[in-house]
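As a plain string of letters, each chain reads:
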Amino acid sequence: MENVEQEERYAGKGIFIFGALLVLLVVCIIAITRNKKTEESGRDIKVLSIDGQATVYRDGEGYKNAYNGMEIISGDVISTGAGSYLSISMDGNKCIMVEPASTIILEAKGDDKHNRTQITIEKGAVISDIREALDEQSSYEVVTDNSIISVRGTIFRTEYNAELMNVKVAVHHGTVECKPYFSNDKVVVECGNEIRFDGNVDDAVISDINYSGYSDKMKDFIAEAEKHKEEHTVD
């Protein structure tokens, strides 16, 4: 009888140890995967500020509440709540503001000197501030379901209405090149103008920027970006 009890105790301890080792293994795999992604990107990308509520979805980790200083890695899905704003700093020379009720996917390749950045807007709007002219080995694109917006060094706002498949791009500094997915045509939008289209450049409307929908926080972000441009000229 005593031997049976001892065997049961040993079996219980064995199960406990196995379970602990399994948990430790899972934690190690997650840590290694996360570090590998960070090393592969070689980028310094962090949450700069939050006003309201925002979440970050990461493969293998699920949803997390965003916080100041939070590291962002390639593939992260970032969402803001109603009335909420989130700013992200990239490599010390790029910054974006994710506007309320928006969802984006951030893809980051390369290192802090030569890199490729792609912001996919699933819904909502993003203001981009490219503080230094990108070299020939670098690129920055904002993508929607029906268009690609490419820049070298500029300040611009991209809004995407997923239901209507409508894109609006407002250029506050420099120039922006817009290209619908289903067309070889490109349109260059100059500073002070905005373009609206639904994937067909032929139907695009270009006009002066309409600031009526801009909140104080959006205006402040753009003003700060423009101030930086005055101090550090970008071609």
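Conventions used here
- Residues numbered from 1 in each chain as written.
- Predicted model: local features only at pLDDT ≥ 70, side-chain atom pairs only at ≥ 80, totals over all residues.
- Heavy atoms only, no water.
- Helix = DSSP H or I, 4+ residues; strand = E, 2+ residues; numbered from the N terminus.
- Buried < 20%, exposed > 50% of the residue type's maximum accessible area, 1.4 Å probe, protein only.
- Contact = heavy atoms within 4.5 Å.
- Areas by Shrake-Rupley, 256 points an atom, 1.4 Å probe, with all protein chains shown as cover.
- Core = buried A, V, L, I, M, F, W, Y, C linked by side-chain atoms within 4.5 Å.
- Patch = residues over 30% accessible without salt bridge, like charges linked within 9 Å, V, L, I, M, F, W, Y side chains within 5 Å.
- Salt bridge = Lys/Arg side-chain N within 4 Å of Asp/Glu carboxyl O.
- Lys, Arg positive; Asp, Glu negative; His and termini not counted.
- Charge placed at Lys NZ, Arg CZ, Asp CG, Glu CD.

**Student:** With reference to specific residues and values, describe the overall build of the chain.
**Tutor:** Looking only at helices and strands, one finds 2 helices and 16 strands in the chain. Looking at the chain residue by residue over its 235 residues, the buried ones come to 40%. Looking at the chain alone, contacts between residues at least 24 apart form 47% of all its contacts between residues at least 6 apart. For the chain, the exposed area adds up to about 12,900 Å²; of that, 51% sits on carbon and sulfur atoms.

**Student:** How would you sum up the nonpolar core? Please name residues and give values.
**Tutor:** The nonpolar side chains of a soluble globular protein tend to be buried with one another. Counting 36 residues, the largest nonpolar core has Ile96 and Tyr140 as its most contacted members. Counting residues in hydrophobic clusters, the runner-up holds 10 residues, among them Ala170, Ile209, Phe221 and Ile222.

**Student:** How would you explain a negative patch on the surface if you had to name every residue and give the values?
**Tutor:** Judged by side-chain charge, Asp216, Asp220, Glu224, Glu226, Glu230 and Glu231 come together as a negatively charged surface patch. For Glu224, the position within the fold is in helix H2 (residues 216-231).

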